[in-house]
Amino acid sequence: MNKKEHRYRFFFLLLLFSLPAFSVSSLQAVEKQSLYEKVAVAELIVLSTIVVDDAKYVLATIDEILKGTYQEESIQVSFRKENFESKPGEDKITFRTGERAVLFLEPAKRSSGKVKKKIFTLIGRAEGKLSVSEESITLLLDAIKRFVRIQALKNQLQIWDEHKKLLEEKNHFMVEAGLQEIVKFRTADPNIIPQILEFSRGNTPRFRLYSMLILRQLFEGEANGKTRIEGREEIVRTLREKARRDEDPSVRIEAIRAIKTVGTEDDIDLLETISRTDKSQDVRYEAQKVLYEMKSEGKLNK
């Protein structure tokens, strides 16, 4: 190890132990449970209007059943017990008379494990209630119905193909679900790169974040011999631009991680500049970390 490399390693270790024990993960920008996941786990999903909000159980009329079957025109949902048992810092379940909401439900159970007749609980407590506005209701309901149809398919390959088709939609609920599921199952292929690059330049930070994740997964697949990527120059330019200038630090972090998979000596100056000048400590840390790892793995010789 030469003198310069020794100083670099010492600096990185000093930086590593002087920073807080955590570095903001870009995946923290991803919600606790996605809309697509809520649809998957709920036994019953209804569009409802709250009628009574101050009794033991909230009473809501059923405007439309989106998943499952239920014969009554109204439904009772347990929430007081769930609020009492909630953990510190966890959102409380709240209802308001006249409010319209999509409810993601499962049958309520007694302490013995037996199901309570005609009483339901929300999936994920407060996460299982989604208030709706007149502006978003059509898009939201269309997305939920589409997800139900996709999840009903028996062939997993067909399901993954449907996830990619969601990227072609104008409905942002569908697009986000498609991006999330592609990341989760690592099913990206080079055919979707033009769409991913378009999302990476868009105005939605979450879409840009998922785009960086997908591009990184594609390059990792290429490194493992699973796929071959054409037009990599444009993709690398996009990663460098996002790492340097994206307004969202989570996107910059994930772009830096993606650069690691394809980085060359040309990226040293970029990463060193980011590690010194980025306004986010987490981004500076990530750039320093990636530089150290790339040098340690012999990817950079400068």
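Attention in this report is confined to the structure presented alongside it. Keep in mind the model is a prediction, meaning the values are calculated, not measured. (Residues numbered from 1 in each chain as written. Predicted model: local features only at pLDDT ≥ 70, side-chain atom pairs only at ≥ 80, totals over all residues. Heavy atoms only, no water.)

### Thoughts on the nonpolar core
Okay, so step 1: The biggest cluster of nonpolar side chains holds 41 residues, and the ones touching the most others in it are L179, I196, I214, L215, L239 and I256.
Okay, so step 2: Of all the secondary-structure elements, those providing two or more residues to this core are α6 (172-185), α7 (193-200), α8 (205-223), α9 (232-245), α10 (249-262), α11 (268-277) and α12 (281-296).
Okay, so step 3: When residues no more than four places from it in sequence are discounted, the contact partners of I256 are A243, L271, I274, V283, E286, A287 and V290.
Okay, so step 4: By size, the runner-up hydrophobic cluster in this structure holds 22 residues, among which are V132, I144, I159 and L166. (Core = buried A, V, L, I, M, F, W, Y, C linked by side-chain atoms within 4.5 Å. Buried < 20%, exposed > 50% of the residue type's maximum accessible area, 1.4 Å probe, protein only. Helix = DSSP H or I, 4+ residues; strand = E, 2+ residues; numbered from the N terminus. Contact = heavy atoms within 4.5 Å.)

### Details of the pattern of salt bridges
Okay, so step 1: Across all of its chains, the model carries 33 salt bridges by this definition.
Okay, so step 2: Here K145 makes a salt bridge to E64, at a shortest N to O gap of 2.7 Å. Note that K145 is positioned in helix α4 (residues 137-151) and E64 in strand β2 (residues 57-67), a separation of 81 residues in sequence.
Okay, so step 3: Assessed through its relative accessible area of 27%, E64 is described here as partly exposed.
Okay, so step 4: One salt bridge connects E181 with K184, and the closest N-O pair in it is separated by 3.3 Å. Here the residue E181 and the residue K184 both occupy positions in helix α6, the gap between them amounting to 3 residues, near one helical turn.
Okay, so step 5: Here E181 falls in the buried class, since its relative accessible area comes to 3%.
Okay, so step 6: Residues joined by salt bridges that share partners form a network here, namely R186, R216, E220, E254, R257 and E286. (Salt bridge = Lys/Arg side-chain N within 4 Å of Asp/Glu carboxyl O.)

### Thoughts on the side chain of K38
Okay, so step 1: As for its position among the elements, K38 is in helix α2 (residues 35-41).
Okay, so step 2: If near-sequence neighbours (up to four positions away) are discounted, K38 is found in contact with Q33, F104 and E127.

### Concerning the pairing of strand β4 (residues 100-109)
Okay, so step 1: As defined by bridge partners, strand β1 (residues 44-52) adjoins β4 across 6 bridges and the pair is classed as antiparallel. If you follow S48 over to β4, its bridge partner there is A101.
Okay, so step 2: Pairing analysis gives 3 bridges linking β4 to strand β6 (residues 129-131), with the strands arranged antiparallel. For A101, the partnering residue across the bridge sits in β6 and is S131. (Pairing = 2+ DSSP bridges.)

### Some words on the packing of helix α5 (residues 156-165) against α6
Okay, so step 1: With their axes 8 Å apart at the nearest point, α5 and α6 run at an angle of 135° to one another. As judged from the angle between their axes, α5 and α6 are oblique. In this structure, the crossing between α5 and α6 has a hand that is left-handed. Two secondary-structure elements touch here, α5 through W160, H163 and K164 and α6 through G178, E181, I182 and F185. (Axes fitted to C-alpha atoms, helices over the stretch in contact; angles between N-to-C directions. Parallel < 35°, antiparallel > 145°, perpendicular 65-115°, else oblique. Left-handed = near helix turned anticlockwise from the far one by under 90°.)

### As for the environment of L140
Okay, so step 1: With respect to the helices, strands and loops of the structure, L140 is situated in helix α4.
Okay, so step 2: Counting along the chain gives 38 residues from L140 to V102, while the straight-line C-alpha distance between them is 9.2 Å.
Okay, so step 3: Residues contacting L140, with those up to four places away along its chain left out, are L35, V102, L130, V132 and F173.

### Some points on the pairing of strand β3 (residues 74-78)
Okay, so step 1: Sheet topology places β2 next to β3; 5 bridges connect them, and they run antiparallel. Pairing of A60 across the sheet is with I75, part of β3.
Okay, so step 2: Linking two consecutive strands that pair antiparallel, namely β2 and β3, is a turn of 6 residues; a positive phi of about 85° is found at G68 within it.

### Concerning the packing of α4 against α6
Okay, so step 1: Running from amino to carboxyl end, α4 crosses α6 at an angle of 40°, the nearest separation of the two axes being 8 Å. Considering the angle they form, α4 stands oblique to α6. Of α6, the residues touching α4 (which contributes L139, L140, D142, A143, R146 and F147) are H172, F173, M174 and A177.
Okay, so step 2: Here the residues of the contact of α4 with α6 are counted per class, giving 7 nonpolar, 1 polar and 2 charged. (Nonpolar A, V, L, I, M, F, W, Y, C, P; charged D, E, K, R; others polar.)

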